[in-house]
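Take a look at the letters that make up each chain.
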Amino acid sequence: MFGVDIGKTIFHVVGLDAAHAPIQKATFRRETLLQFFERASPVLVGMEACPGSQWLARKLQAMGHTVRIVPAQFVKPFVKSNKNDIIDAEAIAEAVTRPTMRFVEIRTPEQIDLQALHRVRDRMIAHRTRLISQMRAFCLEYGIAIHQGAGKFKAEIPRVLADETNELTPSMRRILTEVHGEMMELEQRIATMNHEIEDIAARSDTARRLMTVPGIGPLASTALLAAAGSGHQFAKARDLAAWLGLVPREHSTGGKTKLLGISKRGNKYLRRMIVHGARSCVTHLDRSRDRLGPWLDGLESRMHKNKVTVALAAKIARIVWVILTKPGATYERRVPAFG
């Protein structure tokens with residue numbers, strides 16, 4: 001088995017024997033690394049999750065090797081004493097052999113492309129929020145208050161710029177006009193990306209089945225496909241919810257169970273989408289026509305609405321796992337039985 005410490009151009013490799021003792025330590029450039037593994041017999045190769053690990057994993061799999069990608073936080077406990085690249089590679093090789101180790105799924109190029117699309121869109125939305133906040137602050141310096149919310153701001157800012165009776169100076173009016181133009185260009189780019197994501201969701205059978213779940217739309221369904229893939233890396237539905245950080249943290253000892261707030265681990269972007277979808281369901285779901293209705297009513301009778309939202313998000317995650325792992329499965333909106 002081998003542990004590979006990935007760099008931009010230099011790769012450090014440590015080989016272990018059957019007793020997990022180091023027997024080979026080497027340094028390769030990107031081109032010679034692939035040549036080395038082409039000549040090697042099929043073997044277990046471990047590497048740390050980082051940019052470039054997915055590409056290398058696919059290359060090594062095509063050569064017949066078994067590849068495991070380990071999250072960086074799980075490798076750190078195996079680093080002994082001082083730290084350098086060879087020690088890191090040895091720690092990776094040791095970590096990948098542990099029977100209870102958790103691994104990162106090796107993604108397809110299509111998944112990586114889709115995830116990149118979502119990340120670029122998320123960056124654009126964050127930039128749009130910064131532009132709106134900046135323009136709102138500039139307006140406040142001249143006694144012009146604009147309502148909170150992107151929708152209301154976009155509706156009101158043209159009126160503010162066109163109003164010659166307010167206290168905006170010519171220089172500030174010009175600056176705001178330029179920033180507003182930048183925001184509108186960004187809006188067009190975001191809209192284009194939204195259409196592209198919607199087209200991908202419409203063409204994917206799995207995405208269409210995911211969209212039968214309350215709170216899951218084109219954005220969330222494609223983000224789930226990009227991040228979770230087939231879902232078979234999770235042994236049960238709760239594992240997917242835990243991977244999204246939607247289950248309680250635990251700090252138990254001495255036979256005393258202590259559960260804290262949700263762990264908030266994993267993909268923040270995906271968790272945010274699931275929670276926002278759940279919040280929409282809590283507000284707008286027709287509870288008389290969906291079997292989730294009585295369950296939500298029972299939760300709201302004894303806990304805060306925010307806790308109900310997160311609980312629903314965790315349930316949605318479990319439903320998502322069933323749809324991902326069972327071909328043809330969809331969510332059925334059964335009318336709840338009363339009485």
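Residues numbered from 1 in each chain as written. Predicted model: local features only at pLDDT ≥ 70, side-chain atom pairs only at ≥ 80, totals over all residues. Heavy atoms only, no water.

### Things to note about the environment of H284
Moving on, step 1. You can see H284 is positioned in helix α11 (residues 268-284).
Moving on, step 2. Sequence-wise, H284 and A155 are 129 residues apart; in three dimensions their C-alpha atoms are separated by 25 Å. (Helix = DSSP H or I, 4+ residues; strand = E, 2+ residues; numbered from the N terminus.)

### Quick notes on the layout of surface pockets
Moving on, step 1. Size it by volume and the largest pocket reaches roughly 1500 Å³.
Moving on, step 2. Around the largest pocket, the lining is made up of 40 residues, and of these P71, F103, V104, W243 and G266 lie nearest the centre.
Moving on, step 3. Those elements giving two or more residues to the lining of the largest pocket turn out to be α2 (53-62), α3 (72-75), α5 (109-140), α9 (218-228), α10 (237-243) and β6 (248-250).
Moving on, step 4. Ranked by the residues each element gives to the lining of the largest pocket, the list is headed by α5, at 5 residues.
Moving on, step 5. Looking at the lining of the largest pocket residue by residue, the classes come out as 21 nonpolar, 10 polar and 9 charged. (1 Å grid on protein atoms, 1.4 Å probe; cavity = no way out; pocket = protein on both sides within 12 Å on 5 of 7 lines; lining within 4 Å. Points joined across faces, edges and corners; volume = space filled by probe spheres on them. Nonpolar A, V, L, I, M, F, W, Y, C, P; charged D, E, K, R; others polar.)

### Section: the packing of aromatic side chains
Moving on, step 1. Inspection of every chain in the model, using the stated rule, returns 5 aromatic pairs.
Moving on, step 2. On the numbers, 5.6 Å between centres and 85° between planes, the contact of F2 with F37 is edge-to-face. You can see F2 sitting in strand β1 (residues 2-5) and its partner F37 sitting in helix α1 (residues 30-39), a full 35 residues away along the chain. Across this residue pair, the class does not change: F2 and F37 are buried.
Moving on, step 3. Here the aromatic cluster, defined as three or more aromatic residues joined through ring pairs, consists of F2, F28, F36 and F37.
Moving on, step 4. The positively charged end of R68 is found above the aromatic ring belonging to F103, 5.8 Å away from the centroid. (Phe/Tyr/Trp six-rings, centres within 6.5 Å; stacked < 30°, edge-to-face > 60°. Buried < 20%, exposed > 50% of the residue type's maximum accessible area, 1.4 Å probe, protein only. Lys NZ or Arg CZ within 6 Å of the ring centre and 35° of its normal.)

### Quick notes on a positive patch on the surface
Moving on, step 1. A cluster of basic side chains, namely R102, R249, K264 and R265, defines a positive patch on the protein surface.
Moving on, step 2. The topology assignment puts K264 in the loop between β7 (259-262) and α11.
Moving on, step 3. Exposure remark for K264: the relative accessible area of 56% places this residue in the exposed category. (Patch = residues over 30% accessible without salt bridge, like charges linked within 9 Å, V, L, I, M, F, W, Y side chains within 5 Å. Areas by Shrake-Rupley, 256 points an atom, 1.4 Å probe, with all protein chains shown as cover. Salt bridge = Lys/Arg side-chain N within 4 Å of Asp/Glu carboxyl O. Lys, Arg positive; Asp, Glu negative; His and termini not counted. Charge placed at Lys NZ, Arg CZ, Asp CG, Glu CD.)

### A few points about α2
Moving on, step 1. Along α2, the positions that sit buried rather than exposed are S53, Q54, L56, A57 and L60. The arc enclosing the buried residues of α2, seen along the axis, measures out at 160°, which places them on a common side.
Moving on, step 2. Buried residues in α2 make contact with β1, β2 (10-16), α1, β4 (44-48), β5 (66-70) and α5.
Moving on, step 3. In the segment just after α2, G64 is the residue with positive phi, at about 100°. (Arc of directions from axis to C-beta. Contact = heavy atoms within 4.5 Å.)

In short, shape yes, function no, at least from these values alone.
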